[in-house]
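# Examining the three-dimensional arrangement
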Amino acid sequence: MTKPQIWIAAVLVLFFLLFFLEKNTNRSDEQVKGAPPSAMPQTDQTAQAKTPEQLITSLGCTSCHGSDLSGTKMAPDLHNVKDNWSRDGLINYLRNPNSYMSTKRFQDFKAKYPNVIMPSFNNIDVKVLGNIADYLRNLK
Ligand code: HEC
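Residues numbered from 1 in each chain as written. Predicted model: local features only at pLDDT ≥ 70, side-chain atom pairs only at ≥ 80, totals over all residues. Heavy atoms only, no water.

Quick look at the coordination of the iron atom of the ligand now. Here the iron atom of the ligand is held by the protein donor atoms His 65 (NE2) and Met 118 (SD), which lie 2.0 to 2.1 Å from it. Classification of the site at the iron atom of the ligand rests on its six donor atoms, whose angles at the metal span 87 to 179 degrees, yielding the label octahedral. Of this pair, His 65 sits in helix 5 (residues 61–65) while Met 118 sits in the loop between helix 8 (104–112) and helix 9 (126–137); the two residues are 53 residues apart in sequence, bridging distant segments of the chain. We classify His 65 as buried; its relative accessible area is 9%. (Donors = N, O, S within 2.8 Å, 3.2 Å for Na, K, Ca; no water. Tetrahedral: all angles 85-135°; square planar, octahedral: opposite > 155°, others 65-115°. Helix = DSSP H or I, 4+ residues; strand = E, 2+ residues; numbered from the N terminus. Buried < 20%, exposed > 50% of the residue type's maximum accessible area, 1.4 Å probe, protein only.)

Moving on: the pattern of salt bridges. Under the defined criterion, the tally for this structure stands at two salt bridges. For Arg 87, the salt bridge is made with Asp 134, and the minimal N-O distance between the two is 2.7 Å. In this pair, Arg 87 sits in helix 7 (residues 87–95) while Asp 134 sits in helix 9, placing the two residues 47 residues apart along the sequence. On the basis of relative accessible area, Asp 134 is assigned to the partly exposed category, the value being 29%. Here Lys 104 ties to Asp 108 by a salt bridge, and the two come within 2.7 Å at their closest N and O atoms. Linking Lys 104 with Asp 108, this pair stays in helix 8, spanning four residues, or about one helical turn. Residue Lys 104 is classed as exposed on the basis of its relative accessible area of 60%. On the accessibility criterion, Asp 108 (40% relative accessible area) is partly exposed. (Salt bridge = Lys/Arg side-chain N within 4 Å of Asp/Glu carboxyl O.)

Turning to the nonpolar core, a few remarks are in order. Among the nonpolar cores identified, the biggest contains 20 residues, and Leu 129, Ile 132 and Leu 136 are the most heavily contacted of them. Put simply, the parts of the chain that give this core at least two residues each are helix 4 (52–58), helix 7 and helix 9. With five residues, the single largest contributor to this core is helix 9. Those residues in contact with Leu 136, other than ones at most four positions away along the chain, are Ile 56, Leu 69, Leu 78, Val 81 and Leu 90. (Core = buried A, V, L, I, M, F, W, Y, C linked by side-chain atoms within 4.5 Å. Contact = heavy atoms within 4.5 Å.)

Turning our eyes to something else, we now look at the site of the ligand. The environment of the ligand is formed by 24 residues, the closest being Cys 61, Cys 64, His 65, Arg 105 and Met 118. Residue His 65 places a side-chain N or O atom 2.8 Å away from a nitrogen atom belonging to the ligand. Elements with a minimum of two residues in the shell around the ligand: helix 5, helix 7, helix 8 and helix 9. Looking at the shell around the ligand residue by residue, the class counts come to 21 nonpolar, two polar and one charged. (Near = heavy atom within 4 Å. Polar contact = N/O pair within 3.5 Å; in protein donor to acceptor, adjacent residues only side chain to side chain. Nonpolar A, V, L, I, M, F, W, Y, C, P; charged D, E, K, R; others polar.)

This next bit is on the packing of aromatic side chains. Summed over all chains, the structure comprises seven aromatic pairs. For the ring pair Trp 85 and Tyr 100, a centre distance of 5.1 Å and an interplane angle of 75 degrees mean the geometry is edge-to-face. Of this pair, Trp 85 sits in the loop between helix 6 (81–84) and helix 7 while Tyr 100 is found in the loop between helix 7 and helix 8, placing the two residues 15 residues apart along the sequence. Residue classification places Trp 85 among the buried residues on the basis of a relative accessible area of 12%. Here Tyr 100 falls in the partly exposed class, since its relative accessible area comes to 21%. Ring geometry for Trp 85 against Phe 106: centres 6.1 Å apart, planes inclined by 65 degrees, an arrangement best described as edge-to-face. Here Phe 106 lies in helix 8 and Trp 85 lies in the loop between helix 6 and helix 7, a separation of 21 residues in the sequence. (Phe/Tyr/Trp six-rings, centres within 6.5 Å; stacked < 30°, edge-to-face > 60°.)

Structural data, given as structure tokens:
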């Protein structure tokens, strides 16, 4: 081989080496991605890592129900939910508040807060809603 040919051969070998190295590192990345803990959606993980107080703030509950959840012009006091809701009932309510609007209590709420709609939180993990329900039922 002439000198230039040797150079070209060397560059080609280097190129292939880099190519295979890169391929292998990619494969190990994919393996890490497929591992069970990181397969969970990130939002779920962060939601579950939060305390109920943090969730209630980050989900915006306090912006309507007030920073201490004792009610505002926009939404009712939440200190008496224990008297009206079981844990499961409360979880269902948070997932679909509309389906409870026909009861007398909610007709009264509707009259009192005519322009505010309690959002449905059906995109939140039920476990997280359960933590919120427990927290609300223990509000003092
Ligand atoms: C946009 C304002 C708004 C936000 C945000 C909001 N709510 Fe409400 N909430 C209301 C209103 C208004 C009502 C009264 C019922 C109605 O009119 O739909 C209500 C009712 C409720 C009730 C029923 C109270 C009772 O006495 O039965 C609970 C429980 C409740 N909200 C919890 C929450 C929680 C928990 C969050 C956050 C995850 C939240 N709310 C976020 C406006 C809001």
